[in-house]
Amino acid sequence: MSTDSPMFSDNEGPSKAVPPNGRQDAHMNGHHTTKVEDFNMSDGDDDLPLSQTVRSDATSLPPRNLKRKKPVYAESSSDDDTPLASSPAKAPKLNGKVKPKQDSDSDHAYDSDDAPIKRRASNGRATKPARKKVKEESGLSGDDDDDDQLLEPASRPAVRKRKSKAESPVAPKTAKPRRQKVKEEEDASEVEAPKPKKTRKEKKEDSESKSPSKTKSRKKDKKEEEQEEVFRWWENGPDPNGDGSVKWSTLEHNGVIFPPPYEPLPSHVKMKYNGKPVDLPPESEEVASFYAALLETDHARDATFNKNFFEDWKTVMQRHPARDGTKIIKFELCDFRPMYEHFETEKAKKKAMTTEEKKAAKKAKDELEAKYTTCLLDGRKEKVGNFRVEPPGLFRGRGDHPKKGALKFRVRPEDITLNIGQAAPLPVPNMPGNWKAIQHDNTVTWLANWTENINGNHKYVFLAAGSSLKGQSDMQKFEKARELKNHVDRIRQNYNVDLKSKVMADRQRATAMYFIDKLALRAGNEKGEDEADTVGCCSLRCEHVTLEAPDFIIFDFLGKDSIRYYNRVQVEPQVFKNIRIFKENKNDDDNLFDRVTTSSLNKHLTNEMKGLTAKVFRTFNASITFQRLLDEEDLTNATLQEKLNAYNKANRKVAILCNHQRSAPKTHDQSMEKMRYKHRSFKYERMKLRHALFKMDPKYKKNAKYKEDESDLDDEWIVEHEENLKAKEIEKAEKKFSKENEKLQEEGGKPQKDSILNERLSDIEEEFKRLAKERGTGKATLKRERPEEKIEEAIDKLTEKIQTFKLQIVDRDEGKEVALGTSKINYLDPRITAAWCQIHDVPIERIFSKTLVTKFPWAMEVEKDWKF
């Protein structure tokens, strides 16, 4: 089971265990530095994030030079440039005596008077943030745990009270019961809808069917499946459970499914050491096989990965040494190639399996996992999300993670704590062993949890993305972001005042809030030495920020998942001055905001609005920007593909704002070339149809609609294309001939003679000789004769197809380095998309995958005039 990116809700987690950090094993959705597009999002609207000006293309990004050059600043006589707290406060008294002044060990030149009087407990230095609690979430892996922070227990957001149906933000369209509504719609369709023409296949099935009973039975089953009762929790508002503390009354599930035990390699497959085969016991061989499987990947060429793997492997071999006495000491003498080649052979065998064999294997797997896929929650059947325990392997991490290559241990029942109803039967693990612990905590939504050995992170099993509990959590998250609209003007006014505060901590906090609001930066947390050096707003160091007179700031740092964030942005003059002050007398590796932590920032935000965190700001800015960008597009008379391109363009801009990037797929250039070739192929078909018209009636050459030839179809390409077509036709004929013979043999008949195939191939040769003769003549003969009006219709359809496909090419190329899925899953209110699709008559399936439609059922019924 892929548990590398478990997701936690804002107020849930294990009742006792607390993870040391919020980072997860993140090898599933690795992102890398990519191109960032320029776009302006200010436009005079205070509700929008700051313009993403001059965001450089990744290919032209400057190298990450973290050594700061001494900037040249414009002179200013403003009082805001003077040291803060110029009027020193009196020293506080202790028991009637004046407290002696202590020496500050801070790296900057400000004394403790810069801090608020009530917060001077640590000589003006920012206190270390409280140990953070695990967030609990479920469903799709992605970016939903972006900021890895939670409020202190006292400041957790209270879940809003139950709303009536009239007050619910997603009111149902009709009060009719679902089954009745579906039935009425079907009855109406039977009366009003014209019967579609039957295909040849349907006619054949009708003729073969002697009784309509089977057909009726199939229709009935399908209808019953469509009308299966769905728990429509959203009709009662975002929180049907009232106070939000008790999540369920009864919970019954079958635990998790463990991966199968390791199967030793065949006796002839051995790794080699110093050129000689080594006889390893299964325990050591298994770890070696993890590395061998990655032999041709970038991981095996990474020094840190190799070092960590070899150290852990040697530890395993100390307990399970080679049976032939070989001492493996040097990594350079190890040869994993024989194991790698064996795995590649096995992989090829799986690919070569027939369709029937693949179906049988899938069926067997589904039957084995069937009981783990669902649970009973308050008597309702709900799908379980990540019920498979992740197999052992090598930790890959993202970016320059110091622990990549380390061995992930096999998880056993003794490692897992189950959460289940008090009266529910205890599940039996599918491998020997007993569960670590059993608890019955109905205030959390996880079904099982354990601690992985690499980073000490907690892994959870949750309900699936489309479950009621996850849906309620999602809806509450977006409603909280919408609520921020009512407070954001006041909050912005407050932090703009604090930008000039005489208290250093308040001024730093206000500047951090400015960046989080305007640039949608993550809050960030402190990292340990054994974690990747990634930062957010509160953990920025002086080396990450460069000042450029008169009012530009250049950000250059590694954000979440080691994705480089590079942005040159124009800021308010006061913000520019503040950053200059914060950097004075500091080294490159000193914290820029040395008096602000993520926990203190979120505590302040909670005072501004109940339940507000930096993450809510990020969701708010993403959704409100997306709503504005969609509303700006005039899609009157636009084609479906033009509408889809407009939607994806808006999504891309938000993804860039949130730094949701990826490296261009390795096969991108190849796939783009295939698309361009296909685009030309459509033009070739249109050219042949036009030439057929010219042969039928030369007057068409004077028609402006048909006279212009295809400009990008040169003779060389046409020759190559016709050769490709010929090869495909020959291959198709040979496959058809082979299948016909197989069928004849199954029916007991004699196979056809090769002369029949040769005759067919001869016809193909003649056809393409005719095409060769037509080149350059401007005339063509169609394989099947058609009247002029039918050819004209075919040309019109091809023209529309060519235009649509060109838009798809542009869309694919522009999105090659931007991850659109993360914002769709976590940051864009799905009701924006659902309403937009209704307004512009776009099928939701063209934008949301089946998984997302299942994840957001509460958003699908929103009215089309709904706005974020």
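Residues numbered from 1 in each chain as written. Predicted model: local features only at pLDDT ≥ 70, side-chain atom pairs only at ≥ 80, totals over all residues. Heavy atoms only, no water.

As for the UniProt feature "active site" (unreviewed entry) in the chain
In this structure's numbering, the residues bearing the UniProt feature "active site" (unreviewed entry) are Y827. On the secondary structure map, Y827 appears in the loop between helix 20 (820–826) and helix 21 (830–839). (UniProt positions renumbered as here; feature names shortened; annotations may be inferred. Helix = DSSP H or I, 4+ residues; strand = E, 2+ residues; numbered from the N terminus.)

A few points about the pattern of salt bridges
With the rule as written, the count across this model stands at 43 salt bridges. Among the ionic pairs, K855 bridges to D474, the shortest N-O distance being 3.1 Å. Residue K855 is located in helix 22 (residues 850–855), and its partner D474 is located in helix 8 (residues 468–483); the two are separated by 381 residues in the primary sequence. Residue R509 is joined to D498 by a salt bridge in which the shortest nitrogen-to-oxygen separation is 3.3 Å. Highlighted residues: R509 in helix 10 (residues 504–519) and D498 in helix 9 (residues 488–498), separated in sequence by 11 residues. Residues participating in the shared-partner salt-bridge network are E479, R482, D829 and R831. (Salt bridge = Lys/Arg side-chain N within 4 Å of Asp/Glu carboxyl O.)

Let's talk about the layout of surface pockets
In this structure, the second largest pocket encloses a volume near 1300 Å³. Lining the second largest pocket are 28 residues, and of these F290, A293, F343, P391 and P392 sit closest to its centre. Looking at the lining of the second largest pocket, the elements that each hand over two or more residues are helix 4 (282–292), helix 6 (337–351) and strand 11 (393–394). Among the elements that take part in the lining of the second largest pocket, helix 6 stands out by supplying 6 residues, more than any other. (1 Å grid on protein atoms, 1.4 Å probe; cavity = no way out; pocket = protein on both sides within 12 Å on 5 of 7 lines; lining within 4 Å. Points joined across faces, edges and corners; volume = space filled by probe spheres on them.)

Side note on the sheet that holds strand 9 (residues 374–377)
In space, the 3 strands of this open sheet follow the order 5-9-10, with antiparallel pairing throughout. A strand with exactly one partner marks an edge of an open sheet, and here the two such strands are strand 5 (251–252) and strand 10 (380–383). For strand 9 and strand 10, the ladder comprises 4 bridges, and the chain directions are antiparallel. Looking at the pairing, L376 lines up with K381 of strand 10. (Pairing = 2+ DSSP bridges.)

A closer look at the environment of Y706
Considering the arrangement of structural elements, one finds Y706 in helix 16 (residues 704–707). The class for Y706 is buried, based on a relative accessible area of 2%. Counting along the chain gives 17 residues from Y706 to L689, while the straight-line C-alpha distance between them is 9.7 Å. When residues no more than four places from it in sequence are discounted, the contact partners of Y706 are R690, L693, F694, Y700, E792 and I795. (Buried < 20%, exposed > 50% of the residue type's maximum accessible area, 1.4 Å probe, protein only. Contact = heavy atoms within 4.5 Å.)

Thoughts on the packing of aromatic side chains
Tallying each qualifying case throughout the model produces 28 aromatic pairs. Note on F309 and W313: the rings are 5.5 Å apart at their centroids and 15 degrees apart in plane angle, and the pair reads as stacked. Taken together, the positions of F309 and W313, both in helix 5 (residues 303–319) and 4 residues apart, correspond to about one turn of that helix. For the residue pair F309 and W313, the accessibility class agrees, reading buried in each case. Three or more aromatic residues joined by ring pairs form one cluster here, namely Y495, Y514, F515, F555, F557, Y565, F582 and F593. The ring of F552 has R568 sitting right over it, with the charged end atom 3.8 Å from the ring centre. (Phe/Tyr/Trp six-rings, centres within 6.5 Å; stacked < 30°, edge-to-face > 60°. Lys NZ or Arg CZ within 6 Å of the ring centre and 35° of its normal.)

Observations regarding the pairing of strand 15 (residues 448–451)
Bridging between strand 13 (residues 417–419) and strand 15 involves 2 bridges; their strand directions are antiparallel. Bridging from a neighbouring strand, T417 pairs with N449 of strand 15. Between strand 15 and strand 16 (residues 458–461), which follow one another and run antiparallel, lie 6 residues, and G456 among them has a positive phi close to 70 degrees.

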